[in-house]
Amino acid sequence: MSLHRIALTVNGEYEQVDVPSQMTLMQMLRDKLAFTGTKNGCNAGECGACTVLLNGEPVNSCMVLAVECGGAEILTVEGLARDGVLDPVQQAIIDHGGVQCGFCTPGILISSRALLDRQPDPSEDEIRQALVGNLCRCTGYLRIVDAVKDAASRQRAMAG
Amino acid sequence: MTIDAHPELPEFDYIRPATLMEASRFLAQHAGEARPLLGGTDIFVRMRDGFWHDKYLVDVKNLDGTGEIRFDPASGLSIGAGVNMNQVMASPDVQAHYPLLVEACRSVASYQLRTRATIAGNICNASPAGDTIGACLVLGGALKIHGVDGFREAPLTTFFLGPGKTVLRPGDVVTAVSFPLPPKGSAGTYYKLGRNKWSDLSIVGVTTYGYPDKTAASGYRFHIALASVAPVPLVVTSAQEYLASHPVGPDAFKEAARLAYDACQPIDDVRGSARYRKAMVRRLTEKGLVTVWAKIGG
């Protein structure tokens, strides 16, 4: 079994990690770097609980090899808040009661952040399509969709 | 009862060649134990489920221009094998000239899966259910392949041999999917029937495409490709020939749909029965043809 040494940035911090070929980005984040906010739901690219941003784009981190991430910038749920201030999506999810068991929430937050980065004023349809790959078995999605809508308008207001 | 996530990936060696020739040589030297890796969205699932046991995965997605989309108004479109589906959907050239590819990509899984999934990978995986394959077939797609003897081209129409089986040989790496310029006035649509509205695998997928053509007796040509209803992605040549040679309209679409019904050979599986699939092929083929006809001036 060969180890690969990779260097990457996770939530703005430089990291150097030795990883075996078959280690996924999710395993590396959780087991090597202790970013356990990234959850393992299905390990098959279906549930979205492990969603992180890879160079600004959301991926299922269970479907990416760690070794493929040399030189990459990763953002996990732990990196969303800045200087102790929650991301508008985090605050809106709290305000709208979009969390019940919370297992899917990190992935929902990351997918929503990615949506608002590429589309600051999404329609409800666009929000639902952006969250197709994030399964929630508690909330029925209504409060989550409301929260993302609200986060978008808060973000636009903040941008002036 | 506990429900576990899929197991972790089995042990293998990740190989990142520096050139296409290095990739082809390694894959040829390790035939049967090495596999080219693009997005991995099919490979990792197959490996975790114990179906594939490759000793080596050879990452071919960042080699020699495989990450580019090129459009030439004189010759057409080339999508590098490493281009992911979200990049295809976001390309202004693809949106302007090949909107059917955008529609097909949108039907695949989720946004975050499409950040990794590629059209070339979807084709090479050769699943009869591959959602982008129908669009590639009706648009006249061809593959650029790098093997140990260098580059060659292969049309998609003769690429698929069976579920998961293609004409690719050990050492072959698909580097791009190319398309001719679309005929003037062409339009297409993809009707996908899944167990839910978005993101599921298809129970039945019907791609229809048409354009005016003075060389056809009817004045029009239509292309029809079916997903999930045969051992390979199926082009319905009988229906295509019928529509080229009979007056185009509702009656001809009904007959073409019947020919599609006759041509497909679905199986019963967890997503649907063969009988249901055949009925849906007939319904969705007719619906697709009517939709395309409305777009191209019918």
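Conventions adopted
Residues numbered from 1 in each chain as written. Chains lettered and ligands numbered in written order. Predicted model: local features only at pLDDT ≥ 70, side-chain atom pairs only at ≥ 80, totals over all residues. Helix = DSSP H or I, 4+ residues; strand = E, 2+ residues; numbered from the N terminus. Buried ≥ 20, exposed ≤ 12 C-beta atoms within 10 Å, placed from the backbone. Rg over C-alpha atoms; globule rule 2.2 N^0.38 Å. Contact = placed C-beta atoms within 7 Å. Domains from an automatic or database assignment. Nonpolar A, V, L, I, M, F, W, Y, C, P; charged D, E, K, R; others polar. Pairing = 2+ DSSP bridges. Axes fitted to C-alpha atoms, helices over the stretch in contact; angles between N-to-C directions. Parallel < 35°, antiparallel > 145°, perpendicular 65-115°, else oblique. Left-handed = near helix turned anticlockwise from the far one by under 90°. Core = buried A, V, L, I, M, F, W, Y, C linked by C-beta atoms within 7 Å. pLDDT = per-residue confidence, 0-100.

A.B. asks: Sorry, what's going on with the overall build of chain A here?
C.D. replies: Looking only at helices and strands, chain A has 5 helices and 5 strands in total. Starting at the N terminus and ending at the C terminus, chain A contains elements arranged as β-β-α-β-β-β-α-α-α-α. Judged by the C-alpha coordinates and their principal axes, chain A covers about 50 × 35 × 25 Å. Evaluated residue by residue, chain A yields a buried proportion of 48% over its 160 residues.

A.B. asks: It is not clear to me how the overall build of chain B should be interpreted in this structure. Could you clarify?
C.D. replies: Helix and strand counts for chain B stand at 11 helices and 14 strands. Against the 2.2 N^0.38 benchmark of 19 Å for 298 residues, chain B shows a C-alpha radius of gyration of 19 Å, consistent with a compact globule. The proportion of buried residues among the 298 residues of chain B is 49%. Within chain B, contacts between residues separated by at least 24 positions form 63% of all contacts whose residues are at least 6 apart in sequence.

A.B. asks: Explain the domain arrangement of chain A here, please?
C.D. replies: Size of an interface, as often reported, equals the accessible area lost when the parts are brought together. Residue and element names in this part refer to chain A. If you check the domain split of chain A, you get domain 1 (3–79) and domain 2 (88–159). A separation of 22 Å is found between the C-alpha centroids of domain 1 and domain 2. Listed as interface residues are 14 residues of domain 1 and, on the opposing side, 11 residues of domain 2. For the side of domain 1 that touches domain 2, the secondary-structure elements that each account for two or more residues are strand 3 (51–54) and strand 4 (57–60). Counting residues per element, the side of domain 1 that touches domain 2 draws most heavily on strand 3, at 3 residues. A breakdown of the residues in the side of domain 1 that touches domain 2 according to their chemical character gives 7 nonpolar, 5 polar and 2 charged.

A.B. asks: What's the story with the sheet that holds strand 5 (residues 76–80) of chain B in this structure? I'm lost.
C.D. replies: Hydrogen bonds along the backbone pair up the strands of a sheet, which may run parallel or antiparallel. Residue and element names in this part refer to chain B. As summarised here, the arrangement of the 5 strands in space is 4-5-10-6-7, forming an open sheet in which the pairing is antiparallel. Strand pairing shows two members of the sheet lacking a second neighbour, strand 4 (69–72) and strand 7 (150–155), which therefore form its edges. On average, adjacent strands in this sheet sit at an angle of 20° to one another, irrespective of strand direction. Here 4 bridges tie strand 4 to strand 5, and the two strands are oriented antiparallel to one another. In the sheet register, Asp 72 faces strand 5, and the bridge partner there is Gly 76. Along the sheet face, helix 1 (residues 20–29) touches strand 6 (142–147) and strand 10 (173–179) and points at about 120° away from the line of strand 10.

A.B. asks: Help me understand the interface of chain B and chain A, please; the structure alone is not making it clear to me.
C.D. replies: Taken together, the contact pairs 24 residues of chain B with 29 residues of chain A. Elements that contribute at least two residues to the side of chain B that touches chain A include exactly strand 1 (13–15), helix 2 (43–48) and helix 6 (111–114) of chain B. Grouping the amino acids of the side of chain B that touches chain A by side-chain chemistry returns 11 nonpolar, 7 polar and 6 charged.

A.B. asks: What should I look at first to understand the packing of helix 2 (residues 88–95) of chain A against helix 5 (residues 142–159) of chain A in this one?
C.D. replies: Any two packed helices are characterised by how steeply their axes cross, that is the angle between the axes, and by the distance between the axes. All names here are of chain A. Here helix 2 crosses helix 5 at 135°, and the two axes come no closer than 8 Å. When the axis of helix 2 is compared with that of helix 5, the two are oblique. Helix-helix and strand crossings are classified by hand; for helix 2 and helix 5 the assignment is right-handed. Along its contact with helix 2, which presents Pro 88, Val 89, Ala 92 and Ile 93, the element helix 5 presents Ile 144, Ala 147, Val 148, Asp 150, Ala 151, Arg 154 and Gln 155. Class assignment for the residues of the contact of helix 2 with helix 5 results in 8 nonpolar, 1 polar and 2 charged.

A.B. asks: Sorry, what's going on with the nonpolar core here?
C.D. replies: For soluble globular proteins, the rule of thumb is that nonpolar side chains tend to be buried together. All names here are of chain B. Counting 139 residues, the largest nonpolar core has Leu 226, Ala 260 and Val 281 as the members making the most contacts within it. Top element by residues in this core is helix 10 (residues 250–263). It accounts for 8 residues. With sequence-adjacent residues up to four places away left out, Leu 226 is seen in contact with Gly 205, Val 206, Leu 234, Val 236, Ala 260, Cys 264 and Val 281.

A.B. asks: Looking at this structure, I do not really get the domain arrangement of chain B. What am I missing?
C.D. replies: All names here are of chain B. Examined at the domain level, chain B breaks down into domain 1 (13–59), domain 2 (69–179) and domain 3 (187–295). Placing a centre on the C-alpha atoms of domain 1 and another on those of domain 2 gives a separation of 19 Å. Between domain 1 and domain 2, the residue contacts involve 13 residues of the former and 17 residues of the latter. Examining the composition of the side of domain 1 that touches domain 2, we find that 6 residues originate from one element, helix 1, more than from any other. Residue composition of the side of domain 1 that touches domain 2, grouped by class: 7 nonpolar, 4 polar and 2 charged.

A.B. asks: I would appreciate a short explanation of helix 2 of chain A in the present structure.
C.D. replies: One turn of an α-helix holds 3.6 residues; hence residues three or four places apart share an orientation. Residue and element names in this part refer to chain A. Within the sequence span of helix 2, burial applies to Pro 88, Val 89, Gln 90, Ala 92 and Ile 93. Next to the buried residues of helix 2 lie helix 3 (105–118) and helix 5. Positive phi appears at Gly 97, one or two residues downstream of helix 2, with a value of about 65°.

A.B. asks: Is there a simple way to think about the pairing of strand 10 of chain B in this case?
C.D. replies: The side chains of a regular strand alternate, first on one face of the sheet and then on the other. All names here are of chain B. With respect to burial, strand 10 is a largely interior element, 6 of its 7 residues being buried. Across 4 bridges, the pairing between strand 5 and strand 10 is antiparallel. Looking at the pairing, Leu 77 lines up with Phe 179 of strand 10.

A.B. asks: How should the pairing of strand 1 (residues 3–10) of chain A be read in this particular structure?
C.D. replies: Residues and elements named next belong to chain A. Of the strand pairs in this sheet, strand 1 and strand 2 (residues 13–20) are connected by 8 bridges, and their pairing is antiparallel. Pairing of Leu 8 across the sheet is with Glu 15, part of strand 2. In this antiparallel pair of consecutive strands, strand 1 and strand 2, the connection spans 2 residues, and Asn 11 shows a positive phi of 50°. Strand direction decides the pairing type here: strand 1 and strand 5 (residues 73–75), joined by 2 bridges, are parallel. Bridge pairing links Val 10 to Ile 74 in strand 5.

A.B. asks: What am I meant to see in the confidence of the model for chain B here?
C.D. replies: Where the model shows low pLDDT, its predicted coordinates should not be examined in detail. Across chain B, the average pLDDT comes to 96, with 99% of residues at or above 70. Two numbers describe this predicted complex: its pTM, 0.96, and its ipTM, 0.96.

A.B. asks: Just to check I follow, could you spell out the sheet that holds strand 3 (residues 56–59) of chain B for this structure?
C.D. replies: Residue and element names in this part refer to chain B. Taken in spatial order, the 3 strands make up an open sheet running 1-3-2, and their pairing is parallel. Sheet topology places strand 1 and strand 2 (34–37) at the edges, where each strand pairs with a single neighbour. Adjacent strand axes in the sheet meet at a mean angle of 25° when their direction is disregarded. Bridging between strand 1 and strand 3 involves 3 bridges; their strand directions are parallel. Bridge assignment links Ile 15 to a residue of strand 3, and that residue is Val 58.

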